Amino acid sequence: MAFAGKWETETQEGYEAFCKLLGIPDEIIEKGRDYKLITEVTQDGNDFSWTQIYPANASVTNKFTIDKECDMETIGGKKFKATVHMEAGKLSVDFPNYHHTSEISGGKLIETSKAGSVLLKRTSKKI
């Protein structure tokens, strides 16, 4: 249940390089650079609902059960099938172009997305 709650971005590292690698247009990168992304998570045992709210009130909600294949969606609207795993309290999933992990460390939500050698690390505080 550690993931449950509402989280707001405090810091992010590697944002621009990661977005460019994924082909996100410069004007969208600029809009999102200092945006405080809101992440809302509900958790009931191994069942999760994970919503991220982006600029202009765009949002994406993915619902999943640990170790079961599910339908997911990227912020760009691309739908794909994936299985979210949990190991040592860390969630991990393969998106179409990158690997994503989420964990709680020191009371913060730490999300890491890796595509090749490019890394995006986002740290969020509970609000």
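Bear in mind the structure is a predicted one, so any value in this text is a computation, not a measurement.

Chemist: How should I be thinking about the overall build of the protein in this particular structure?
Modeler: On a plain count of helices and strands, the protein comes out with two helices and 11 strands. Secondary structure of the protein in N-to-C order comes out as β-α-α-β-β-β-β-β-β-β-β-β-β. The C-alpha radius of gyration of the protein comes to 14 Å, within 12% of the 14 Å expected for a compact globule of 127 residues. C-alpha extents for the protein along the principal axes are approximately 40 × 30 × 30 Å. Partitioning the contacts of the protein with sequence separation of at least 6, the portion at a separation of at least 24 is 38%. Element-wise, carbon and sulfur atoms account for 49% of the exposed surface of the protein, whose accessible area totals about 7,300 Å². Across the protein, the mean location of the 17 positive side-chain charges is 2 Å away from that of the 19 negative side-chain charges.

Chemist: What is the right way to read the confidence of the model for the protein from this model?
Modeler: Close inspection of predicted coordinates is inappropriate for parts of the model with low pLDDT. Summarising the model, the protein shows a mean pLDDT of 90, and 98% of its residues fall at 70 or more. Summarising per-element confidence for the protein, the mean pLDDT is lowest in helix H2 (residues 26-32) (80) and highest in strand S2 (residues 38-44) (96).

Chemist: For this particular structure, what's the right way to read the sheet that holds strand S8 (residues 90-94)?
Modeler: Strand pairs in the sheet, formed through backbone hydrogen bonds, run parallel or antiparallel to each other. Pairing in this open sheet of nine strands is antiparallel, and the strands run S4-S3-S2-S1-S11-S10-S9-S8-S7 from one edge to the other. Of all strands in the sheet, those with a lone pairing partner are strand S4 (59-65) and strand S7 (85-87), marking the two edges. Taken pair by pair, the neighbouring strands of this sheet meet at an average axis angle of 25°, ignoring direction. With seven bridges connecting them, strand S3 (residues 47-53) and S4 associate as antiparallel partners. Counterpart to Gln52 in the pairing with S4 is Val60.

Chemist: What's the story with the side chain of Thr9 in this structure? I'm lost.
Modeler: As for its position among the elements, Thr9 is in strand S1 (residues 5-13). According to the relative accessible area criterion, Thr9 is buried, its value standing at 5%.

Reading guide: rules and limits
- Along every chain, residues carry numbers that run from 1 in the direction the sequence is written.
- Restriction of local features to residues with pLDDT of at least 70 applies here, the model being predicted, together with a cutoff of 80 or more for giving and counting side-chain atom pairs; totals for whole chains, interfaces and linings are based on all residues.
- To obtain the side-chain values, all non-hydrogen atoms of the structure were used and water was disregarded.
- Strands are runs of DSSP state E lasting at least two residues, helices are runs of H or I lasting at least four, and both sets are numbered from the N terminus onward.
- Computation of the radius of gyration draws on C-alpha atoms alone. For the globule rule, the value is 2.2 Å times the number of residues to the power 0.38.
- Any pair of residues with heavy atoms lying within 4.5 Å of one another is described as a contacting pair.
- Residue exposure ignores everything except the shown protein chains as possible cover, and the areas themselves are Shrake-Rupley values with a 1.4 Å probe.
- Neither His nor the chain termini are counted; the positive set is Lys and Arg, and the negative set is Asp and Glu.
- Charge positions come from single atoms, namely NZ of Lys, CZ of Arg, CG of Asp or CD of Glu.
- Each residue carries a pLDDT score, the predictor's confidence in it, ranging from 0 to 100.
- We treat two strands as partners when DSSP finds at least two bridges between them.
- Between the N-to-C directions of two axes lies an angle of 0 to 180 degrees, each axis being a line fitted to C-alpha atoms and, for a helix, fitted only over the stretch in contact.
- In this scheme, a residue with accessible area under 20% of its type's maximum is buried, one over 50% is exposed, and one in between is partly exposed, where area comes from a 1.4 Å probe on protein chains only.

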